[in-house]
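# Per-entry structural report
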Amino acid sequence: MNRPGANRPLTALVLAAGLGKRMRSRTVKLLHPLWGRPMIGWVFDALREVAPERVLVVLGHQAEQVQEALHAERFEAVIQQEQRGTGHAVMTARPLLEGAAGELLILNGDLPLLTGPTLAAFLERHRSAGAALSLLTTHLDDPTGYGRVLRRDGAPHRIVEQRDASPDERQVTEINCGVYLVDVAVLLPLLDRLGTDNAQHEYYLTDIVSALAGAGQMVQGVVHADSREVLGVNDRRELAEAAAILGRRKRHALMAAGVTLLDPDHTYIDPRAQVGQDTVIYPNVWVEGASVIGEDCVIRPGAHLIEVRMGNGVTIKDGCVIQSSEIGNGAQVGPFAHLRPGTYLCEKVKVGNFVETKKAFLGPGSKASHLSYLGDAELGKDVNVGAGTITCNYDGVAKHRTVLEDGVFIGSDTQLVAPVKVGAGAYVGAGSTITRDVPPGSLALSRPPQRHIEGWAERKQKRAQAGRPAPQKKDEG
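Here's what I pulled together on the structure shown here. (Residues numbered from 1 in each chain as written. Predicted model: local features only at pLDDT ≥ 70, side-chain atom pairs only at ≥ 80, totals over all residues. Heavy atoms only, no water.)

## Some points on the pattern of salt bridges
Going by this rule: The term salt bridge refers to a side-chain nitrogen of Lys or Arg lying within 4 Å of a carboxyl oxygen of Asp or Glu. Think of it this way: any DSSP run of H or I at least four residues long counts as a helix, any run of E at least two long counts as a strand, and we number them from the N terminus. The buried label goes to any residue with under 20% of its type's maximum accessible area, the exposed label to any with over 50%, and the partly exposed label to all in between, with areas taken from a 1.4 Å probe on protein chains only.
Going through the model one piece at a time under the given rule, you end up with 21 salt bridges. The salt bridge partner of glutamate 103 is arginine 127, with a shortest N-O separation of 2.8 Å. Here arginine 127 lies in helix α5 (residues 116-129) and glutamate 103 lies in strand β6 (residues 103-108), a separation of 24 residues in the sequence. Since its relative accessible area comes to 11%, arginine 127 is described here as buried. Of the charged contacts, one joins lysine 358 and aspartate 376 as a salt bridge, the two residues approaching to 2.6 Å between their closest N and O atoms. Placement of the pair is lysine 358 in strand β28 (residues 356-362) and aspartate 376 in strand β30 (residues 373-379), with a sequence separation of 18 residues.

## Points about the layout of surface pockets
Rules: Using a 1 Å grid laid over the protein atoms alone, points where a 1.4 Å probe fits but cannot get out form a cavity; open sets with protein on both sides within 12 Å along at least 5 of 7 lines form a pocket; any residue with an atom within 4 Å of a point counts as lining. Grid points are joined across faces, edges and corners, and a volume is the space filled by probe spheres set on the points. Residue type decides the class: Asp, Glu, Lys and Arg count as charged, Ala, Val, Leu, Ile, Met, Phe, Trp, Tyr, Cys and Pro as nonpolar, and the leftover types, Gly among them, as polar.
As a volume, the largest pocket reaches approximately 1800 Å³. Lining the largest pocket are 48 residues, with Arg22, Lys29, Asn108, Asp110 and Asn234 positioned closest to its centre. The set of elements that each furnish at least two residues to the lining of the largest pocket consists of β1 (10-16), α3 (86-92), β10 (174-183) and α8 (236-256). For the lining of the largest pocket, a count of residues per class yields 18 nonpolar, 19 polar and 11 charged. Here the second largest pocket is characterised by a volume of approximately 280 Å³. Lining the second largest pocket are 14 residues; nearest its centre among them are Asp45, Leu114, Thr115, Gly116 and Arg249. Looking at the lining of the second largest pocket, the elements that each hand over two or more residues are α1 (39-48), α5 and α8. Counted by class, the lining of the second largest pocket contains eight nonpolar, two polar and four charged residues.

## As for the environment of glycine 363
What counts, and what does not: Note on definitions: a residue-residue contact is assigned when non-hydrogen atoms from the two residues lie within 4.5 Å.
Along the chain, glycine 363 falls in the loop between β28 and β29 (367-370). For glycine 363 and leucine 379, which are 16 residues apart along the polypeptide, the C-alpha to C-alpha distance reads 5.6 Å. Not counting residues within four places of it along the chain, the set of residues in contact with glycine 363 comprises Cys346, Val349, Leu379, Gly380 and Lys381.

## Re the pairing of β28
Heads up, the rule is: For two strands to pair, DSSP has to find at least two bridges joining them.
Note that strand β25 (residues 338-339) and β28 share two bridges and pair parallel. Directly across from histidine 338, in β28, lies its bridge partner glutamate 356. Bridge analysis of strand β26 (residues 344-345) against β28 gives two bridges, and the strand direction is parallel. Pairing of leucine 345 across the sheet is with leucine 362, part of β28. Of the strand pairs in this sheet, β28 and β30 are connected by six bridges, and their pairing is parallel. Looking at the pairing, lysine 358 lines up with glycine 375 of β30.

## Examining the side chain of asparagine 198
Going by this rule: Distance and chemistry together define a polar contact, namely a pair of N or O atoms within 3.5 Å, with one atom able to donate a hydrogen and the other to accept it when in protein, and with adjacent residues in sequence counting only for side-chain atoms on both sides.
Its location among the elements puts asparagine 198 in the loop between α6 (184-191) and α7 (207-214). There is a polar contact of 2.7 Å between the side chain of asparagine 198 and the backbone nitrogen of histidine 201. Of note is the side chain of asparagine 198, whose polar atom sits 2.6 Å from the backbone oxygen of glutamate 202. The contact partners of asparagine 198, leaving out residues within four places of it in the chain, are Asp164 and Tyr204.

## Section: the sheet that holds β29
Taken in spatial order, the 11 strands line up as β12-β15-β18-β21-β24-β27-β29-β31-β34-β37-β39 in an open sheet, and their pairing is parallel. The outermost strands of the open sheet, each flanked by one partner alone, are β12 (260-261) and β39 (443-444). With two bridges joining them, strand β31 (residues 384-385) and strand β34 (residues 409-410) adopt parallel strand pairing. Pairing of valine 385 across the sheet is with isoleucine 410, part of β34.

## Let's talk about unusual backbone geometry
In this chain, glycine 334 is followed by proline 335 through a cis amide linkage whose omega measures 10°. Even without a glycine there, the phi angle at aspartate 296 is positive, about 60°. In this fold, aspartate 296 is placed in the loop between β17 (292-293) and β18 (298-299). Its relative accessible area of 45% is what places aspartate 296 among the partly exposed residues. A positive phi angle is found at lysine 348, which is not glycine, with a value near 60°. With respect to the helices and strands, the residue lysine 348 is situated in the loop between β26 and β27 (350-353). Overall, lysine 348 belongs to the exposed group, its relative accessible area being 62%.

So this is what it looks like as structure tokens:
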């Protein structure tokens, strides 16, 4: 047997026109980031669980910036030129709702903690009950500032805002969360009846509750037990608390899936990140963005990973910074290495302490163990790069590539002036500056011959004792 409304089309309407004055910011509230992502973006994640056919977003303040922040999402923009309340926001979207069938899910854009399962359960309750209107509510010990849900015979019959509430009404602890489900055909005629006879002289969407209840139609209040999930973010304190809750949810989910976090309260993992089973993450590690970390990895203290893709069995040692890079199975990085965007490490590569890479490809088994810069470089298989090696990739005008073919050995303190290629199996002697291609299998040297000046130290000491300056000779300089 089909549930009432189970197959009816669903439209979502996100209210996102307000400025958010309590943020004390030049930036509209919904653009403030949570884990590097605008607050409103998390609402779209929750909506995906209920798969609305259409998503409408009511925009006002900084509308262009909000649209740009949501460029990856599918939605239709509605511009509310003048913000005159939640009811007015829905009235602004009315032209796009005329003739629409099915149900309308209305929710605020400042609900980053709202989850998809909560919306799915809310939709199920609404359809199962066959309600004309369902609203999501919760209870607060201190409901100050929120609209109170007033019930009669167990069902909501009115919502009163804080400024309009009587002293007795302000004692009610059930509050409105700003999430509604209503039949489009039921809602649209009610918009004509909204007025501004209230303390803020605004069109309150909540007035549809009393209109429907007064007409004898079923209004359902669905109480959500976790008030933190369904409350909006209004200031920077609440923004920080929301970020902490998102992070805590992610850590708990990872540990339940077999990831070891040695000190969860001091480990920071983006909710969008993926981490494989039996990976061990030490304290004070940051994982940002949609990073993907494989199985059996070890990430030691102080590592900062941003949009990283990592295979299995990788070790990231202390203090590494890695951004927009890919790391193959069994590779080792650090300590204190810096992998900049465009770095690709194949399996069993070793990048050691104080090595920096940028747009660099290191083939299987290659090593740069310490104190080197590899920028715009391509290394083949089993290449060994000595300490102090630099790829001089920039000539002041353009960047150029350095290519080190399979089995190349680069001695310490070498400068590779790009564009340059070192052929397979070639050696470069320590202290060389390489400006031309090196043939395969050869030895390249560019340092001057070593010279000895006999007796120089003794003569220098005698001149110092006599108070005479040392002669300025080229062969003794």
